[in-house]
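Residues per chain, in single letters:
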Amino acid sequence: MSLGKQEQEAIALARVQLEAAGVWDPDNDLDSLVDRFIVRADKQRALDEFRLAVSERCNRIPLGHIVGTVAFDDLPLVVGSGVFIPRPHSTVIHKWLDDARLATGTCVLDLCAGSGAIGLAIARRRPDLRVTCVEFEDVAVHYLKRNIARLATHDVHVNAMQADIRETPAFAGFKHQVGLIVANPPYVPRQTQLQPEWGSHHPSAAVYSGADGLDLTRHIIALATTLLTPEGWLVIEHGEDQAFAVRELFQQHHLLDVSTVIDRESSDTTGTSVMTVGRLSNAVQA
Ligand SMILES: C[S@@+](CC[C@H](N)C(=O)[O-])C[C@H]1O[C@@H](n2cnc3c(N)ncnc32)[C@H](O)[C@@H]1O
């Protein structure tokens, strides 16, 4: 199989990079990577892998977990079993960000970050912000760190922090320092029956959150009042039928300019893209 000039150059550069990185058998690894990503030399193996993948999908393993990657807001992220597959829904946050006038250097927290999709996409759009992605599950943190390493090659940079957002002392260093908190927390009520992709093949902590689905949302709002700067923004995704309850929670915590944004364009068959936005009052310092 003859390769074009671009492919040949990419392969030559990869050999140098693999050697420099200390990979112990760069030629063997390069052969596998070329076979997997540039040209499948072994057609029979490719066909076999296709059939295995179809069988997995018929067992309702999520597509992202089978193919191992997902495009989110144009970012090529790695995902796999044990981590939430980012959904186009969450791009509603990025559309809002484009209109928000955040000052250069603003500290941003992506709480419940999973693979890091939201925080990384914010960092790509606004490289002048300081973004930290917070996640508590080991497997998800593993994918978060892989995505951070991958996207450094695209010049996208965020920090990773492994912490449980219910443990307030872990966030002491951010007290009144954060200009924007974004979160796509688990928000499905405990008893809800979901498709197997979500109900059986995602970690329950990534999907469900208490009887009304808002346990984590309550924690995030309470935490936000201690971390946000005066007039700092809080943006949380939730279900369409939770909008009234979430707005009430924002208001009970003295958040101002509270509004719910519904983005039908980013919605899909798994639900509607909805988020509530508010900002901390000047007067409130928890
Ligand atoms: C719905 S997923 C969203 C992941 C990511 N933000 C996205 O949109 O792809 C929720 C994430 O919250 C994490 N999570 C759940 N409870 C948490 C907690 N108490 N502290 C930190 N992260 C938590 C889960 O592990 C999961 O990765």
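No experiment lies behind these values; they were computed from the predicted model shown.

Trainee: For this particular structure, what's the right way to read the site of the ligand?
Mentor: Residues in close proximity to the ligand total 20 residues, the closest being Cys112, Glu135, Asp164, Asn184 and Ala206. Cys112 has a polar backbone atom sitting 2.8 Å from a nitrogen atom of the ligand. Ile165 places a main-chain nitrogen or oxygen 3.0 Å from a nitrogen atom of the ligand. Protein contact buries 98% of the 590 Å² of open area that the ligand shows by itself.

Trainee: Explanation requested: a nonpolar patch on the surface in the structure shown.
Mentor: A contiguous nonpolar patch, built from Leu33, Phe37 and Ile38 and spanning about 300 Å² of accessible area, is present on the exposed surface. Along the chain, Leu33 falls in helix α2 (residues 26-37). Residue class for Leu33 comes out partly exposed when judged on its relative accessible area of 39%.

Trainee: Whenever I open this one, the pattern of salt bridges confuses me. Can you help?
Mentor: Side chains that differ in charge, positive against negative, can pair when their charged atoms come close. Applying the stated criterion across every chain, the model contains 18 salt bridges. With its nearest N and O atoms 3.5 Å apart, the salt bridge here joins Asp35 to Arg40. Exposure class is identical for Asp35 and Arg40. Each is buried. With a shortest N-O distance of 2.7 Å, Arg126 and Asp128 are connected by a salt bridge. Residues joined in a network through salt bridges with shared partners are Asp35, Arg40, Arg45 and Glu49.

Trainee: Would you explain the sheet that holds strand β3 (residues 107-111) in this entry?
Mentor: In sheet architecture, strand pairing relies on hydrogen bonds along the backbone and comes in two forms, parallel and antiparallel. Spatially, the 7 strands line up as an open sheet ordered β5-β4-β3-β6-β7-β9-β8, and their pairing is mixed. One side of each edge strand has no neighbouring strand; the edge strands of this open sheet are β5 (159-162) and β8 (255-268). The sheet shows a mean angle of 20° between the axes of neighbouring strands, direction not considered. Sitting on the sheet, helix α5 (residues 91-99) touches β6 (178-183), β7 (228-237), β8 and β9 (271-280), and the angle it makes with β8 is about 125°. Helix α7 (residues 138-151) contacts β4 (130-135) and β5 of the sheet and is inclined by roughly 170° relative to β5.

Trainee: So what exactly am I meant to see when it comes to the pairing of β4 here?
Mentor: When a strand is regular, its side chains alternate between the sheet's two faces. Within β4, 5 of the 6 residues are buried, which leaves the element mostly enclosed by the surrounding structure. Relative to β4, β3 runs parallel, the two sharing 5 bridges. For Val108, the partnering residue across the bridge sits in β4 and is Val131. As for the winding sense of the linkage, the β-α-β connection from β3 through helix α6 (residues 117-125) to β4 is right-handed.

Trainee: I tried to follow the environment of Pro203 on my own but got confused; where do I start?
Mentor: One can find Pro203 in the loop between α8 (196-199) and α9 (215-227). For Pro203, a relative accessible area of 17% translates into the label buried. With 65 residues separating them along the chain, Pro203 and Asp268 place their C-alpha atoms 21 Å apart. Filtering out sequence-adjacent residues up to four positions away, Pro203 remains in contact with Gly82, Val83 and Glu137.

Trainee: Where do I start with the UniProt feature "domain: Methyltransferase small" (unreviewed entry) in the protein in this structure?
Mentor: Feature annotation in UniProt places "domain: Methyltransferase small" (unreviewed entry) on residues 104-189, given in this structure's numbering. Taken end to end, residues 104-189 is 27% helix and 24% strand, and its first and last C-alpha atoms sit 38 Å apart.

Trainee: Which parts of the structure should I look at to understand unusual backbone geometry?
Mentor: In terms of backbone geometry, most residues other than glycine have negative phi values and most peptide bonds are trans. Phi is positive for Arg60, close to 70°, though the residue is something other than glycine. By the element assignment, Arg60 lies in the loop between α3 (43-58) and α4 (63-67). According to the relative accessible area criterion, Arg60 is partly exposed, its value standing at 32%. Even without a glycine there, the phi angle at Cys112 is positive, about 60°. Relative to the elements of secondary structure, Cys112 occurs in the loop between β3 and α6.

Trainee: Sorry, what's going on with the packing of aromatic side chains here?
Mentor: Two numbers describe a pair of aromatic rings. These are the distance of the centres and the angle of the planes. Summed over the entire model, instances satisfying the criterion amount to 2 aromatic pairs. A ring pair is formed by Phe84 and Trp198, whose centres lie 5.4 Å apart and whose planes are at 45°; its orientation type is tilted. In this pair, Phe84 sits in the loop between β2 (75-78) and α5 while Trp198 sits in helix α8, placing the two residues 114 residues apart along the sequence. Seen in terms of ring centroids, Trp96 and Trp233 are 5.3 Å apart; in terms of plane orientation they differ by 75°. Their pairing is edge-to-face. A residue pair is termed long-range when its members are at least 10 positions apart, and Trp96 in helix α5 and Trp233 in strand β7 qualify at 137 residues.

Thresholds, definitions, all that
Residues numbered from 1 in each chain as written. Predicted model: local features only at pLDDT ≥ 70, side-chain atom pairs only at ≥ 80, totals over all residues. Heavy atoms only, no water. Near = heavy atom within 4 Å. Polar contact = N/O pair within 3.5 Å; in protein donor to acceptor, adjacent residues only side chain to side chain. Areas by Shrake-Rupley, 256 points an atom, 1.4 Å probe, with all protein chains shown as cover. Patch = residues over 30% accessible without salt bridge, like charges linked within 9 Å, V, L, I, M, F, W, Y side chains within 5 Å. Salt bridge = Lys/Arg side-chain N within 4 Å of Asp/Glu carboxyl O. Helix = DSSP H or I, 4+ residues; strand = E, 2+ residues; numbered from the N terminus. Buried < 20%, exposed > 50% of the residue type's maximum accessible area, 1.4 Å probe, protein only. Pairing = 2+ DSSP bridges. Axes fitted to C-alpha atoms, helices over the stretch in contact; angles between N-to-C directions. Contact = heavy atoms within 4.5 Å. Right-handed = clockwise from strand over helix to strand, strands pointing away. UniProt positions renumbered as here; feature names shortened; annotations may be inferred. Phe/Tyr/Trp six-rings, centres within 6.5 Å; stacked < 30°, edge-to-face > 60°.

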